[in-house]
Amino acid sequence: MLPPLESARVHGLEVTQTERRFEMVELDHFRYDTPQAIQDFTDHLQGIENHLRLLKSKTGMLTSGNMPEYLMRRSGGVVGILGRLIADGAQEAMDSGKETLDEALLDGIVIGREEPVGPAATQDQFAEPAQAKPRAGRARGRNTVFDDHGSQAATAAG
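Here is what the cut-offs are and how they apply
- Residues numbered from 1 in each chain as written.
- Predicted model: local features only at pLDDT ≥ 70, side-chain atom pairs only at ≥ 80, totals over all residues.
- Heavy atoms only, no water.
- Helix = DSSP H or I, 4+ residues; strand = E, 2+ residues; numbered from the N terminus.
- Buried < 20%, exposed > 50% of the residue type's maximum accessible area, 1.4 Å probe, protein only.
- Contact = heavy atoms within 4.5 Å.
- Areas by Shrake-Rupley, 256 points an atom, 1.4 Å probe, with all protein chains shown as cover.
- Expected span 1.5 Å × (residues − 1).
- Arc of directions from axis to C-beta.
- Salt bridge = Lys/Arg side-chain N within 4 Å of Asp/Glu carboxyl O.
- Core = buried A, V, L, I, M, F, W, Y, C linked by side-chain atoms within 4.5 Å.
- Phe/Tyr/Trp six-rings, centres within 6.5 Å; stacked < 30°, edge-to-face > 60°.

Enquirer: Would you mind showing me how to read the overall build of the chain here?
Expert: Helix and strand content of the chain: 6 helices and 2 strands. Element order for the chain, N to C, with α for helix and β for strand: β-β-α-α-α-α-α-α. Taken across its 158 residues, the chain has 31% of its residues classed as buried. Within the chain, counting contacts between residues at least 6 apart in sequence, those at least 24 apart form 62% of the total. Accessible surface, the chain as shown: approximately 11,000 Å² in total, 54% of it carbon and sulfur.

Right under this line is the structure:
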C-alpha cells in the first residue's frame, strides 16, 4: 500500500475527499431546556415550515400546539434526524393525499437512530411510537411539476 499523499493532509491531520471539497460545519443538536433554546428550535421549525409545499399545509403546522415538543422528542434535536422525519412525512402526506403534517401521520414514519441523540437524552425519552410502521406507497404519487421551488428556481431562471 502506498503512503497517503502529503496533499491529503491539512495541518498534519488526515482529511477525506469530502472534507477537501466542502467546508464542514459542525452542528450541535437543538436543546429544549431554556426559553432561548426553545425559541431557537421553534425558529428552525418555522424556517422548515416556510419551505414546505403541501397543498393543505397551514401556518403553525410545525410550530404550534404540541408539535414542537413532539418533533423534539422524535428527533432528539438532531438536525439530520429532524430533516429526515419531516421529509419522509411530507412524502407520505403527498402519497396518501393528506397533504399536511400532523402527529398521527408522523407516528407512522420510522426514523433511524444511528446518530447519537445527546448526553441528556435517554433511550426511553426518545423511543419510537408503539404503532410506528413503514410507509405504504401508492402506485401513483402527486404531480409535483408545478410546485413552487422558491428562490432556487428564480436564481436558475434569472
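Enquirer: What exactly am I supposed to notice about helix H4 (residues 79-96) here?
Expert: Turn by turn, an α-helix covers 3.6 residues, leaving residues three or four places apart pointing in a common direction. With 18 residues, H4 extends 25 Å from end C-alpha to end C-alpha; this agrees with the ideal 26 Å at 1.5 Å per step. What H4 keeps buried is the set Ile81, Leu82, Leu85, Ile86, Asp88, Gly89, Ala90, Glu92, Ala93, Met94 and Asp95. Residues of H4 that are buried make contact with helix H2 (35-51), helix H3 (67-75) and helix H5 (103-107). Remark: Gly97 follows H4 within two positions and exhibits a positive phi of approximately 85 degrees.

Enquirer: Can you walk me through H2 in this structure?
Expert: With 17 residues, H2 extends 25 Å between its outermost C-alpha atoms, agreeing within 8% with the 24 Å of an ideal straight helix rising 1.5 Å per residue. By the burial criterion, the buried members of H2 are Ala37, Phe41, Thr42, Leu45 and Glu49. In an axial view of H2, the angular spread of the buried residues amounts to 130 degrees, which keeps them on one side of the axis. Turned more than 90 degrees off the buried face of H2, the exposed positions are Gln36 and His51. Elements that come into contact with the buried residues of H2 comprise H3 and H4.

Enquirer: Looking at this structure, I do not really get the pattern of salt bridges. What am I missing?
Expert: Here the idea is simple: oppositely charged side chains can pair when their charged atoms come close. Tallied over the entire structure, the rule returns 3 salt bridges. With its nearest N and O atoms 2.7 Å apart, the salt bridge here joins Lys98 to Asp102. A residue is classified by how much of its surface remains accessible, and Asp102, at 24% relative accessible area, is partly exposed.

Enquirer: What is the right way to read the nonpolar core from this model?
Expert: One broad rule of soluble globular proteins: the nonpolar side chains tend to lie buried together. With 24 residues, the main nonpolar core has Phe41, Leu52, Leu54, Leu62, Leu71, Leu101 and Leu106 as its most contacted residues. Elements that contribute at least two residues to this core include exactly H2, H3, H4 and H5.

Enquirer: Can you help me understand the packing of aromatic side chains in this one?
Expert: On inspection of all chains with the given rule, the structure shows 2 aromatic pairs. Centre to centre, the rings of Tyr32 and Phe41 are 5.9 Å apart; their planes meet at 90 degrees, and the pair counts as edge-to-face. Owing to a relative accessible area of 24%, Tyr32 belongs among the partly exposed residues under this scheme.

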